[in-house]
Amino acid sequence: MSAHLQPTGSAYFIAKETELAETHTLSVLVDNEPGVLARVIGLFSGRGYNIESLTVSETEHEAHLSRITIVTRGTPHVLEQIKHQLERLVPVHRVVDLTVRAANLGHDRPIERELALVKVHGSGEHRVEALRLADAFRASVIDANIEHFVFEITGKPSKIEQFIAIMKPLGLIEVCRTGIAAMNRGPQGM
Amino acid sequence: MSGTENQMTGAEIVLQALKDNGVKHIFGYPGGAVLPIYDEIFQQEEIEHILVRHEQGAGHMAEGYARSTGKVGVMLVTSGPGATNAVTPLQDALMDSIPLVCISGQVPTPLIGSDAFQECDTVGITRPCTKHNWLVKDVNDLARIIHEAFRIAQSGRPGPVVVDIPKDIQFATGTYTPPSAVPTQTSYQPRTQGDLKKIEEAVELMKTARRPIIYSGGGVINSGPQASHFLRELVELTGFPITSTLMGLGAYPASGKNWLGMLGMHGTYEANMAMHDCDVMVCIGARFDDRITGRLNAFSPNSKKIHIDIDPSSINKNVRVDIPILGDVATVLEDMVRLWRAATKTVDRARLNDWWTGIAKWRARKSLAYTPSDDVIMPQYAIQRLYELTKDRDTYITTEVGQHQMWAAQFFGFEQPNRWMTSGGLGTMGYGFPAAVGVQVAHPESLVIDIAGDASIQMCIQEMSCAVQYGLPVKIFILNNQYMGMVRQWQQLLHGNRLSHSYTEAMPDFVKLAEAYGGVGIRCEKPSELDEAIRQMIDTPQPVIFDCRVANLANCFPMIPSGKAHNEMLLPDEATDEAVANAIDAKGRQLV
């Protein structure tokens, strides 16, 4: 009713963000115990961080350690917070910002690979064209009949994006992607 | 020990693990999913169980117990509603870094996920409001998990943990593992020792500072009495002025000559001005909370900042610092004091003279002044009298949340750590009274007073019944102004004095309420009768509700209005109705 009389104020102080957001890839080594993934993604949603890609799998079976790869976007300040907040979780052993590590090692970026399964309608002229393009992208056919193909493709996310875009006009049916697995170049581990 | 000696039921393991972790008191409420544990409690005498009236009360009692003793507080609740009622105190403890172990019952393992009676996803619900939590799936893991829970709750930055135990696990028989046989988790190794190079760097900076300030917080209290001891020594050696957050009051004595009073939104003029104008800031166990900093881009613009904290995520979170020191406050301060002593000869103390002269001018502004009255009790006066009449006693103070909390922080002088229990981070109305009950359990001979507001006290008033049952003579000192005072103050400041739902038209008769519970009620309405009434309260050996009728519309000043910096405070003598209405300009109002 009287909202127009006076704009509402606030008990909080909000400062404008001046830093630019960057995309970074993090490797997180965790105990593979129930709820550990929920802790990690709950932290991201609870604190308003972004997740652009997430992969997780047990990598050291005897030690029950899983490696989570997260691609996230934020200002350098937020990215530093994300790292520290992750380190605070009890089952988290190590957090490495692969993007920062790559820069320190003099590389452009860490090695990042993704696998996708791409199902495409394939009949008539499109059939030949799809096969020819798949060959150029080094995608392999893992299932087919006279009406469709399922391609398996691995590579950098940009390559997969491109392949999917090209397949669209040829009769793309569905896509499944694993999300990014990543590590740094060179002899050292994370 | 033979294998059979260590065989116990899950419920027995719980009690044994609590005993082995030094627990003497637990606060709880029974229910279907914890009956086996309650049956064990019945059959032993080492641990005293305090029966609360609501699980929220159990949590705040455990918090008050923990905060006043430095030990871990323990609460015990049933599944479903028992666990959900525990959420508020868990989050409260998380934000104020209070070590708390919450044991909750859960429906039997085969029923989990079936929407069974009184089932809830306790570990899911409490995951973001605990430092860590566990659902016990094997009775042989139970002892280890409880020992880990105690270790995690009290080490590093302390916090709450939940151990959720399905009922079938409580009945099942398994092996008990003593704490000494449980290895520490490799992924959780909090660092306590500060980097000596950084500490040296900090001392070098402090030696050359001309306008230094120490800004200490709740971390000093959490770190233990040694931390307060070294803090006092550091202040003495350096001659630096010191201010503190709400949570840190008592680490440095309020009577100390270097004390500037509390800082922040309702802090003193001298503390906030010194923070704004300093050239070196030493932040010790505090986290640059938004109630402290005011407008971030105007926060202490010309200072080099040193930050001592045990939690890496607290460093550079809100404010960029120049020298971060990761470690336990007591350990780092011990190194700092030692290094300072070695350097004493090279330090010129006279360099601080101008700074202290400036501070004296700010102090002379008397930012806590208020207009006294002979007719009505001013809330500030009530706290002052309460302080004067209790300061020579063994006194513990808790508060609820609101104006009374700020007035208590401003006008009650704390000389020792662990004497002041308040909900700082979460700002939980209803915290103070149960917290006081917890303090009284830990210190049965001491004078424990909950400074309350008339609105807050009604949020956990049911624990009067608990206080009476256990003969805990807690004193509730209500500054009764009939309003949710802080809400009303903000409505006056920000919303054109439209007092939407901040007035309590129907108030219980607190005297009769006290009597109904079996306690004692006292009412006081005149300043001239206040001292006598307070003495009567102190001398009453039962729980007391003191209904102190105070000026209804008093505002809490000084205040940093939103959108303002530390040097733009609203002081009480300038706070005319017009100034209050215009304190926050259009720009400040637009802040979301």
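Just so it is clear, the structure is predicted and the values come from calculations on it, not from any experiment.

Section: the sheet that holds strand 17 (residues 447-453) of chain B
Residues and elements named next belong to chain B. Strand order in the open sheet formed by six strands is 16-15-17-18-20-19, with parallel pairing between adjacent strands. The strands lining the two open edges of the sheet, one partner per strand, are strand 16 (420-421) and strand 19 (520-524). Against the sheet, helix 16 (residues 379-390) engages strand 15 (395-399), strand 17, strand 18 (475-480) and strand 20 (544-549), with an angle of about 155 degrees to strand 18. Along the sheet, helix 22 (residues 527-539) contacts strand 17, strand 18, strand 19 and strand 20; its crossing angle with strand 19, the most-contacted strand, is approximately 170 degrees.

What about the confidence of the model for chain A?
This prediction gives chain A a mean pLDDT of 92; 93% of its residues lie at or above 70. The model gives residues 1-8 of chain A a pLDDT under 50, and that stretch makes 11 contacts with residues more than four places away or in other chains.

Some remarks on helix 21 (residues 510-517) of chain B
Residue and element names in this part refer to chain B. Within helix 21, the full set of buried residues consists of F510, A514 and Y517. When helix 21 is viewed along its axis, its buried side chains cluster within an angular range of 65 degrees and face the same direction. The inward-facing, buried residues of helix 21 abut helix 19 (464-469), strand 18, strand 19 and strand 20. Following helix 21 by one or two positions, G518 has its phi on the positive side, about 95 degrees.

Considering unusual backbone geometry
Residues and elements named next belong to chain B. Cis geometry marks the peptide bond from F557 to P558; its omega dihedral reads -5 degrees. With respect to the helices and strands, the residue P558 is situated in the loop between strand 20 and helix 23 (577-581). With phi around 65 degrees, N418 is a residue other than glycine that occupies positive phi space. Along the chain, N418 turns up in the loop between helix 17 (403-411) and strand 16. N418 sits in the buried class, given 22 other C-beta atoms within 10 Å. Unusually for a residue other than glycine, Q482 sits at a positive phi of about 70 degrees. Tracing the chain through its elements places Q482 in the loop between strand 18 and helix 20 (485-494).

A few points about the sheet that holds strand 14 (residues 323-326) of chain B
Residues and elements named next belong to chain B. Strand order in the open sheet formed by six strands is 11-10-9-12-13-14, with parallel pairing between adjacent strands. Taken across any chain shown, the strands that pair with only one partner, and hence form the sheet edges, are strand 11 (259-262) and strand 14. Strand-to-strand twist across the sheet, computed as the mean angle between neighbouring axes with direction ignored, equals 15 degrees. Bridge count between strand 9 (residues 212-216) and strand 10 (residues 242-244): three bridges; the pairing is parallel. Opposite S216, over in strand 10, you have S244 as the bridge partner. Strands strand 9, strand 10 and strand 11 of the sheet are contacted by helix 12 (residues 269-277), whose axis makes an angle of about 105 degrees with strand 11.

A word on the packing of helix 3 (residues 55-69) of chain B against helix 18 (residues 432-442) of chain B
Residue and element names in this part refer to chain B. In contact at an axis separation of 6 Å, helix 3 and helix 18 are set at 50 degrees when each is read in the N-to-C sense. If you check the angle between helix 3 and helix 18, you find them oblique. When the axes of helix 3 and helix 18 are compared, the crossing they make is right-handed. Judged by residue contacts, G57, H60, M61, A62, E63, G64, Y65, S68 and T69 of helix 3 engage P434, A435, A436, V437, G438, V439, V441 and A442 from helix 18. The residue inventory of the contact of helix 3 with helix 18, partitioned by class, reads 10 nonpolar, six polar and one charged.

Some remarks on the environment of Y49 of chain A
Residue and element names in this part refer to chain A. In this structure, Y49 sits in the loop between helix 1 (36-46) and strand 2 (53-60). Judged by the 19 C-beta atoms lying within 10 Å of it, Y49 is partly exposed. Setting aside anything within four residues of it in sequence, one finds Y49 in contact with F44, T72, G74, V78 and I82.

Rules of the game
Residue positions are given per chain, counting from 1 as you read along its sequence in written order. To label them, take the chains in the order written and letter them from A, then take the ligands in the order written and number them from 1. In keeping with the model being predicted, local features are shown solely for residues with a pLDDT of at least 70 and side-chain atom pairs are shown and tallied solely at 80 or more, while totals for entire chains, interfaces and linings include all residues. Strands qualify as paired when DSSP identifies two bridges or more between them. Put simply, DSSP H or I for four residues or longer makes a helix, DSSP E for two residues or longer makes a strand, and each gets a number counted from the N terminus. We call two residues in contact whenever the C-beta atoms placed from their backbones are within 7 Å. Only C-alpha atoms enter the line fits that serve as axes; for helices the fit covers just the stretch in contact. Angles between N-to-C directions range over 0 to 180 degrees. The pLDDT value tells you how sure the predictor is about a given residue, anywhere from 0 up to 100. Working definition of burial: number of other C-beta atoms within 10 Å of the residue's own, with buried at 20 or more, exposed at 12 or fewer, and partly exposed in between, all C-beta atoms being placed from the backbone. Starting at the helix axis, one direction is taken to each C-beta atom, and the arc is that of these directions. These descriptions rest on fixed angle ranges, namely under 35 degrees for roughly parallel, over 145 for roughly antiparallel, 65 to 115 for roughly perpendicular, and the rest for oblique. Crossing handedness: left-handed means the near helix sits turned counterclockwise from the far one by under a right angle, and right-handed means the same turn made clockwise. When residue character is reported, Ala, Val, Leu, Ile, Met, Phe, Trp, Tyr, Cys and Pro are called nonpolar, Asp, Glu, Lys and Arg charged, and the others, Gly included, polar.

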